[in-house]
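# A structural walkthrough
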Amino acid sequence: MSTLFLNARLLNPAENLDTVGSMKIGDDGFIEAVTTGGEPIPSIDGDNVIDLAGKVLAPGLFDMHCHFREPGQEYKETLETGSAAALAGGFTGVALMPNTKPVIDSPLGVAYIRHHSAGLPIQIEVIGAMSVESRGEALAPYGKYASYGVKAISDDGTAIQNTKIMRLAIEYAANFDLLLIQHAEDKHLTSGGIMNGGAASAMLGLKGIPEVAEPIMIARDLQLIAWLKKHKLNGAIPEPRYHVAHISTGASIELVRKAKAAGLKVTCEVTPHHFTLTENDLVAASEKGNYIMKPPLPSTENRDALIEGLRDGAIDAIATDHAPHARHEKECPPDQAAFGIIGLETSLGLTITELVEKGVITLSRVIELLSTNPRRIMGLETILFEPGKKANLTIIDPAREWTVSEADFGSKSRNTPFMGRTLRGKALGIYHNGKLIIN
Ligand code: DOR
Ligand code: ZN
């Protein structure tokens, strides 16, 4: 059966498209016709006709930073429950971090995820570990990754501390044009830290994480990349592509700005919790577990710098760092809590509420940050609203007000600080792989 979306707000920044129109999709899941304005669309009997009454039809949202915990920690999340969380949030695709048990650091691990996610309704991209077991000692087999279609590598949750090994990782990744996703953290500085270091951590008696721990690693990596580009690589292999995960300080953003201006292939992402919350929210919370994450919630000054980076384009993408943990790992003293929170279900609502409603960015820029740019950074095909192209869509009601509650979650875990919060903007459903899935 073909599907017909009528009276949609067709919003696709990749084609500079923002207009009222209709889209017809064949039963094979490919777009048959797109009309704009009042132009009639060809129809047939039996079409599944959906009048969107002005709701937004956007390219499918893609979250380039998720943890689905399979294999090894299925009590927190599985590929199936993680996909349900993605659907609930309006995402048609995700990229999965390799810090499972065991770590995904071999073609076998990649094949395992592919096999076990084959029948799921969303697109799942596998990120391979940068180093064996993400221990920062020996490099993982990047050539094998590339031949298995892996597009990015990361030791998320940690980072290669040894500069010589990082130099080799950058060169080796460039050879196979793999994106390096860096969890920028100087572990010697952060060791034992629980929250952002400063007056608030001192007052609570919790060990601080110095905010310089992030830009120090980014500065190191960018120095290596600039040096390799100038003296070593000689254009013989692709330039290194470097992406900063969950950026959280103004100093880090400044480094990214300068590197971009110098022509390096550098991008970065921010999470909704880092642009929404600050360390003061942790101070105020009676149950602190869901305010503990890495990097830690920023100072107000750094949070404001993140918002500025979103406004001026220094930040390329919004990614959730969806990090499910069980109740007992969060409902405990803060210095014993696991790091991280879930984010797929609340990402779009927080982005519209905190950024569009407050006049920081437009809805079109939201789609860039949540779909167009993460897909481009990951090296995935651009979604176009044109006949012959595969339909990959998210239906959004940007005006819908909703209060975050149990019923909104697909994840196996509930470690979110946003339960009970009223948000504006929600995904009503997706169209992907020839299927319409309404929330
Ligand atoms: O808070 C976090 N949780 N930060 C990370 O980098 C890793 C993640 C996890 O895997 O739980
Ligand atoms: Zn992560």
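These notes cover the structure that comes with them.

So, how was this worked out
- Residues numbered from 1 in each chain as written.
- Chains lettered and ligands numbered in written order.
- Predicted model: local features only at pLDDT ≥ 70, side-chain atom pairs only at ≥ 80, totals over all residues.
- Heavy atoms only, no water.
- Core = buried A, V, L, I, M, F, W, Y, C linked by side-chain atoms within 4.5 Å.
- Buried < 20%, exposed > 50% of the residue type's maximum accessible area, 1.4 Å probe, protein only.
- Patch = residues over 30% accessible without salt bridge, like charges linked within 9 Å, V, L, I, M, F, W, Y side chains within 5 Å.
- Areas by Shrake-Rupley, 256 points an atom, 1.4 Å probe, with all protein chains shown as cover.
- Salt bridge = Lys/Arg side-chain N within 4 Å of Asp/Glu carboxyl O.
- Helix = DSSP H or I, 4+ residues; strand = E, 2+ residues; numbered from the N terminus.
- Donors = N, O, S within 2.8 Å, 3.2 Å for Na, K, Ca; no water.
- Pairing = 2+ DSSP bridges.
- Contact = heavy atoms within 4.5 Å.
- Axes fitted to C-alpha atoms, helices over the stretch in contact; angles between N-to-C directions.
- Phe/Tyr/Trp six-rings, centres within 6.5 Å; stacked < 30°, edge-to-face > 60°.
- Near = heavy atom within 4 Å.
- Polar contact = N/O pair within 3.5 Å; in protein donor to acceptor, adjacent residues only side chain to side chain.
- 1 Å grid on protein atoms, 1.4 Å probe; cavity = no way out; pocket = protein on both sides within 12 Å on 5 of 7 lines; lining within 4 Å.
- Sits in = over half its atoms within 2 Å of the grid points.
- Nonpolar A, V, L, I, M, F, W, Y, C, P; charged D, E, K, R; others polar.

Attention shifts here to the nonpolar core. With 76 residues, the main nonpolar core has F68, V94, I124, Y142, Y145 and I247 as its most contacted residues. The next biggest cluster of nonpolar side chains, apart from the first, holds 20 residues, and it includes L277, M293, F409 and F418.

Next up on the list: a nonpolar patch on the surface. Taken together, the side chains of L189, V212 and I216 present a nonpolar region at the surface, about 220 Å² in accessible area. Looking at the secondary structure, you find V212 in the loop between strand 12 (208-209) and helix 7 (213-232).

The next subject is the coordination of the zinc ion (ligand 2). Every protein donor of the zinc ion (ligand 2) is accounted for by H65 (NE2), H67 (NE2), D156 (OD) and D321 (OD), and the metal-donor separations fall at 2.0 to 2.1 Å. Donor residues for the zinc ion (ligand 2) sit on one chain with the sequence pattern H-x1-H-x88-D-x164-D. Across the pair, H67 and H65 agree in class, each one buried.

A separate point is the sheet that holds strand 10 (residues 179-182). Strand order in this open sheet of eight strands is 6-7-8-9-10-13-14-15, and the pairing throughout is parallel. Lying at the two open borders of the sheet, with one neighbouring strand each, are strand 6 (61-66) and strand 15 (317-318). Where strand 14 (residues 265-270) and strand 15 come together, two bridges link them in parallel fashion. Paired with E269 across the strands is A317, a residue of strand 15. Strands strand 9 (152-154) and strand 10 of the sheet are contacted by helix 4 (residues 163-175), whose axis makes an angle of about 145 degrees with strand 10.

The next thing to look at is the packing of aromatic side chains. Tallied over the full model, the rule gives three aromatic pairs. Arranged with centres 6.2 Å apart and planes meeting at 15 degrees, the rings of Y142 and Y145 form a pair that is stacked. Remark: Y145 and Y142 occur in helix 3 (residues 142-147); sequence separation between them is three residues, near one turn of the helix. Of the two residues, Y142 and Y145, neither departs from the other in class, the shared state being buried. Geometrically, the ring pair formed by Y172 and F176 is edge-to-face, given 5.8 Å between the ring centres and 70 degrees between the ring planes. Judged by its relative accessible area of 28%, Y172 is partly exposed. With relative accessibility at 36%, the residue F176 sits in the partly exposed group.

Here we come to the site of ligand 1. Around ligand 1 there are 14 residues in total, and R69, N99, H183, K294 and F339 lie nearest to it. A distance of 2.9 Å separates a nitrogen atom of ligand 1 from a polar atom in the backbone of K294. If ligand 1 stood free it would expose 290 Å²; the protein chains cover 93% of that surface. Judged by the proximity of its atoms to the pocket grid, ligand 1 belongs to the largest pocket. Its residues assigned to classes, the shell around ligand 1 comprises three nonpolar, seven polar and four charged.

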